[in-house]
Amino acid sequence: MKAEGHPKYHFITVQMTDGTTFKTRSTYGQEGATLALDIDPKSHPAWTGGNQTMLDRAGRVSRFNDKFGGFIKKK
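Quantities reported herein were computed from a predicted structural model and do not represent experimental measurements.

**Here we look at the side chain of Ser26**
Item 1. Mapped onto the secondary structure, Ser26 falls in strand S2 (residues 21-26).
Item 2. According to the relative accessible area criterion, Ser26 is buried, its value standing at 16%.
Item 3. From its side chain, Ser26 meets the backbone nitrogen of Tyr28 in a polar contact 2.9 Å long.
Item 4. Excluding residues that lie within four positions of it along the chain, Ser26 makes contacts with Lys8, Tyr9, His10 and Ile12.

So, in structure tokens, the structure goes:
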């Protein structure tokens, strides 16, 4: 196997959203670089069960409800 076919791994520091850090090996940046995360398992709604509301981006949900709202019986 060719030697140049593999990426160079080195140690970096990963900074979580709460400020905690840990070291890991990665191909990101240079040796000793810090990767600051915007979203991690401590803050992402998929893991925390956070906000469960549906976002209405550009009125898509409203248009859907207007078009197909008659199919659902409202109590």
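**Quick notes on the sheet that holds strand S3 (residues 34-36)**
In a beta sheet, neighbouring strands pair by backbone hydrogen bonds and run either parallel or antiparallel.
Item 1. Across the sheet, three strands lie side by side as S2-S1-S3; this open sheet has mixed pairing. The two strands at the open ends of the sheet, each matched to only one other strand, are S2 and S3. Direction aside, neighbouring strands of the sheet carry axes that sit 35° apart on average.
Item 2. Two strands pair when backbone bridges link them, and strand S1 (residues 10-15) and S2 are joined in this way by six bridges, in the antiparallel orientation. When the bridges of S2 are listed, Phe11 appears paired with Arg25.

**What about the packing of aromatic side chains?**
Pairs of aromatic rings are described using the distance from one ring centre to the other and the angle between the two planes.
Item 1. This model, assessed by the stated rule, comprises two aromatic pairs.
Item 2. Judged by centre distance (5.0 Å) and plane angle (45°), the rings of Phe64 and Phe68 are tilted. Placement of both Phe64 and Phe68 in helix H2 (residues 60-68) is noted, with a separation of four residues, approximately one turn of the helix.
Item 3. Residue class for Phe68 comes out partly exposed when judged on its relative accessible area of 33%.
Item 4. In textbook terms, an aromatic cluster arises when at least three aromatic residues are bridged by ring pairs, as seen for Phe64, Phe68 and Phe71.

**What about a nonpolar patch on the surface?**
Item 1. The grouping of Phe64, Phe68, Phe71 and Ile72 at the surface amounts to a nonpolar patch, some 480 Å² of accessible area in total.
Item 2. Checked against the element boundaries, Ile72 lands in the segment after H2.

About the criteria used
- Per-chain numbering applies: the sequence of each chain, read as written, is numbered from 1 onward.
- Confidence filtering applies because this is a predicted model: local features only for residues at pLDDT of at least 70, side-chain atom pairs given and counted only at 80 or more, and all residues used for totals across whole chains, interfaces and linings.
- The basis for every side-chain value is the complete set of heavy atoms in the structure, and neither hydrogens nor water enter the calculation.
- Secondary structure elements follow DSSP: runs of H or I no shorter than four residues count as helices, runs of E no shorter than two count as strands, and numbering proceeds from the N terminus.
- Relative accessibility thresholds used throughout: buried, under 20% of the residue-type maximum; exposed, over 50%; partly exposed, between the two (1.4 Å probe, protein chains only).
- Definition of a polar contact: a pair of N or O atoms within 3.5 Å, with one able to donate and the other able to accept a hydrogen when the atoms are protein atoms, and with sequence-neighbouring residues admitted only if both atoms are side-chain atoms.
- Here, residues are in contact when the closest pair of their heavy atoms is within 4.5 Å.
- Whether two strands pair comes down to DSSP finding at least two bridges between them.
- Angular values range over 0 to 180 degrees, each being the angle between N-to-C directions of two axes fitted as lines to C-alpha atoms, with helices fitted over their stretch in contact.
- Aromatic pairs are defined between Phe, Tyr and Trp rings, using the six-membered ring for Trp, whenever the two ring centres lie within 6.5 Å; interplanar angles under 30 degrees are classed as stacked, those over 60 as edge-to-face, and all others as tilted.
- Here the term patch refers to residues with relative accessible area over 30% and no salt bridge, with like charges joined within 9 Å and nonpolar side chains (Val, Leu, Ile, Met, Phe, Trp, Tyr) within 5 Å.
- Accessibility throughout is a Shrake-Rupley quantity obtained with a 1.4 Å probe, and a residue counts as covered only by protein chains that appear here.
- By definition here, a salt bridge exists when the distance from a side-chain nitrogen of Lys or Arg to a carboxyl oxygen of Asp or Glu is within 4 Å.

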